[in-house]
Amino acid sequence: MDAHDVNFLNELLEQDVELREKIKVQATDLDKKTRIMVGILNKIHSTPSDAIPPLLDSVRPILRGCHDTSAAIAALVPPHQFWRWKDTWSNPLRTAVYSAALVEFLSSGSLISLSQTSEVLGIKEEWADRFSIAVEDYLHGLITLANELSRLAVNAVTLGDYEAPIRISVFVKNLFAGFSMLNLKNDTLRRRFDSLKYDLKKVEEVVYDVSLRKLAEPSSFREHNIWVESSSEGT
């Protein structure tokens, strides 16, 4: 190996280190934004239902702020090198997916799709070979959403919102059914999927207790096609 080859290889190594640091800076910025969103969203557990919309309004500008970070990462990653650099931003991106999904559920009661999540975070289709939301990262974000909603089901009752656990129960059941149809080969993802069973059981116990104590109107159960045997006992 002559001096010319050594210099050339050293130059490539330096370029690689420099690129890695630039991408890491943007991933850190994304992480900061997601931590702020999570901090705000944690307040839902102590916030009355009628005060939730203003709280969500304070999160949306941060979600829009992710557009700049997404564009910066996409501009840095060379074409066709998505999988080489994916792990650099994977964790904060999963948290961003969770944040977007929680805002969507609390706003509309629906599940945010992968394409909708990309739009919310400002991730464009033409960046697919450089920066995008991997399916596994999207699914990890949804599992985190279910984990958080099972906690919310309990705290909502404490705040006197007896309808929330019913809505959450239907949503988590549908989410669990969807995951059950997936062919999960990723070990980490499959282990996390198992946690959904416990989230669903926790929410169902809350709904059962609400029904047993007659804290929610029977029409609420019928509206969501929920049949709780105890709701007719003692009548």
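Right above here is the structure, for reference.
Residues numbered from 1 in each chain as written. Predicted model: local features only at pLDDT ≥ 70, side-chain atom pairs only at ≥ 80, totals over all residues. Heavy atoms only, no water.

### Things to note about the nonpolar core
Here is step 1 of the chain: Ranked by size, the top nonpolar core spans 58 residues in total, and within it W89, L93, L121, F131, L149, I168 and F179 carry the most contacts.
Here is step 2 of the chain: For this core, the secondary-structure elements that each account for two or more residues are α1 (3-41), α2 (52-76), α3 (82-108), α5 (135-158), α6 (164-180) and α7 (187-212).
Here is step 3 of the chain: It is α3 that provides the largest number of residues to this core, a total of twelve residues.
Here is step 4 of the chain: The contacts of L149, once residues within four sequence positions are left out, are L102, F105, I168 and F171. (Core = buried A, V, L, I, M, F, W, Y, C linked by side-chain atoms within 4.5 Å. Buried < 20%, exposed > 50% of the residue type's maximum accessible area, 1.4 Å probe, protein only. Helix = DSSP H or I, 4+ residues; strand = E, 2+ residues; numbered from the N terminus. Contact = heavy atoms within 4.5 Å.)

### Some details on the environment of N42
Here is step 1 of the chain: Checked against the element boundaries, N42 lands in the loop between α1 and α2.
Here is step 2 of the chain: Assessed through its relative accessible area of 33%, N42 is described here as partly exposed.
Here is step 3 of the chain: For the pair N42 and L152, spaced 110 residues apart in sequence, the C-alpha separation works out to 9.6 Å.
Here is step 4 of the chain: What N42 contacts, discounting residues up to four positions off in sequence, is E148 and R151.

### So, the pattern of salt bridges
Here is step 1 of the chain: Counted according to the given criterion, the structure contains 17 salt bridges.
Here is step 2 of the chain: Taking the shortest distance from any N to any O, the salt bridge between D31 and R35 comes out at 3.0 Å. Taken as a pair, D31 and R35 lie in helix α1 at a separation of four residues, close to a single helical turn.
Here is step 3 of the chain: Of the charged contacts, one joins D129 and R130 as a salt bridge, the two residues approaching to 3.7 Å between their closest N and O atoms. (Salt bridge = Lys/Arg side-chain N within 4 Å of Asp/Glu carboxyl O.)

### Some points on the layout of surface pockets
Here is step 1 of the chain: By volume, the largest pocket is sized at about 280 Å³.
Here is step 2 of the chain: Taken together, 16 residues make up the lining of the largest pocket; nearest its centre are S49, L106, D161, A164 and R167.
Here is step 3 of the chain: Those elements that provide at least two residues to the lining of the largest pocket are α3, α5 and α6.
Here is step 4 of the chain: When residues in the lining of the largest pocket are grouped by element, the largest group, three residues, is from α6.
Here is step 5 of the chain: Residue composition of the lining of the largest pocket, by class: ten nonpolar, four polar and two charged. (1 Å grid on protein atoms, 1.4 Å probe; cavity = no way out; pocket = protein on both sides within 12 Å on 5 of 7 lines; lining within 4 Å. Points joined across faces, edges and corners; volume = space filled by probe spheres on them. Nonpolar A, V, L, I, M, F, W, Y, C, P; charged D, E, K, R; others polar.)

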